[in-house]
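Letter by letter, the chains look like this.
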Amino acid sequence: MATIEECRAALDRLAESLAGARGDLRDAAAPDRSLSCHITDLDVTFAGHLVGGHIQDVETQPGTPERRAEIALTMSGDDLVALVDGRLNFAKAWASGRVRVQASLRDVLRLRSLL
């Protein structure tokens, strides 16, 4: 089971990937959106903002988020690490229910291109 530190490191790697994105991938990461990622097995939520291809102001909160973010992800810590490392396909994980997403269809399609 992934630790809180491993999950935070995975989010940091995702932020680095977003910051270095170019072309269509950069366009997908560009919109300003509130973002949360609830890690079910640790019962912790990382909440922040996706701004111009960067994840900013990430806070760790116990439990589920008080407010729903514009892009809200729910998954296990191991799945977060596997997604960011490229060992888990986002579309397959989403289709199978391993990753839950609450977002507009447009944002889901953007996420698919980012992960």
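Before reading further, recall that the structure is shown in the block above.
Anyway, here's the lowdown on the structure attached to this text. (Residues numbered from 1 in each chain as written. Predicted model: local features only at pLDDT ≥ 70, side-chain atom pairs only at ≥ 80, totals over all residues. Heavy atoms only, no water.)

### Quick word on the packing of aromatic side chains
To describe a pair of aromatic rings, you give the distance between the ring centres and the angle between the ring planes. The criterion, for reference: Aromatic rings from Phe, Tyr and Trp, with only the six-membered ring used for Trp, were paired whenever their centres fell within 6.5 Å, and each pair was classed as stacked if the ring planes differed by under 30 degrees, edge-to-face if by over 60, and tilted otherwise. Comment: elements are numbered from the N terminus, with helices defined as DSSP H or I runs of at least four residues and strands as E runs of at least two.
Per the stated rule, a full pass over the model turns up one aromatic pair. Ring geometry for Phe90 versus Trp94: centroids 6.3 Å apart, planes at 15°, classification stacked. Of this pair, Phe90 and Trp94 both sit in helix α4 (residues 90–96), four residues apart, which is roughly one turn of that helix.

### Notes on the sheet that holds strand β4 (residues 71–75)
For sheets, the rule is that strands pair by backbone hydrogen bonds, running either parallel or antiparallel. Rules: Any two strands with at least two DSSP-identified bridges between them are counted as paired. Under this scheme, a helix contributes an axis fitted over its contacting stretch, all axes are lines through C-alpha atoms, and angles between N-to-C directions fall in the 0 to 180 degree range.
Taken in spatial order, the five strands line up as β3-β2-β1-β4-β5 in an open sheet, and their pairing is mixed. Single-partner strands in this sheet number two, and they are β3 (54–62) and β5 (100–102). Each neighbouring strand pair of the sheet contributes to a mean axis angle of 15°, computed without reference to strand direction. One ladder, built from seven bridges, connects strand β1 (residues 33–39) with strand β2 (residues 44–51); its direction is antiparallel.

### Considerations on the pairing of β4
Test applied: Buried, partly exposed and exposed residues are distinguished by accessible area as a fraction of the type maximum, computed with a 1.4 Å probe on protein chains only: under 20%, between the cut-offs, and over 50%, respectively.
Most of β4 sits inside the fold, with five of its five residues counted as buried. Across the two faces of β4 the burial is the same, with Ile71, Leu73 and Met75 and Ala72 and Thr74 all buried. With five bridges joining them, β1 and β4 adopt parallel strand pairing. Note on β4: the bridge partner recorded for Ile39 is Met75. Two elements, β4 and β5, share three bridges in a ladder whose sense is antiparallel.

### Things to note about the side chain of Asp79
Relative to the helices and strands, Asp79 resides in helix α3 (residues 77–85). Assessed through its relative accessible area of 9%, Asp79 is described here as buried.

### Topic: the side chain of Thr45
Formally: Polar contact criterion, stated in full: a pair of N or O atoms within 3.5 Å, where within protein one must be able to donate a hydrogen and the other to accept it, and residues adjacent in sequence count only if both atoms are side-chain atoms. Between two residues, a contact is recorded if the distance between any of their heavy atoms is within 4.5 Å.
Among the secondary structure elements, Thr45 is positioned in strand β2. Reaching out from Thr45, the side chain makes a polar contact with the backbone oxygen of Gly63 at a distance of 2.6 Å. Each residue touching Thr45, except ones within four places of it in the same chain, is listed here: Ser36, Cys37, His38, Glu59, Thr60, Gln61, Gly63, Thr64 and Pro65.

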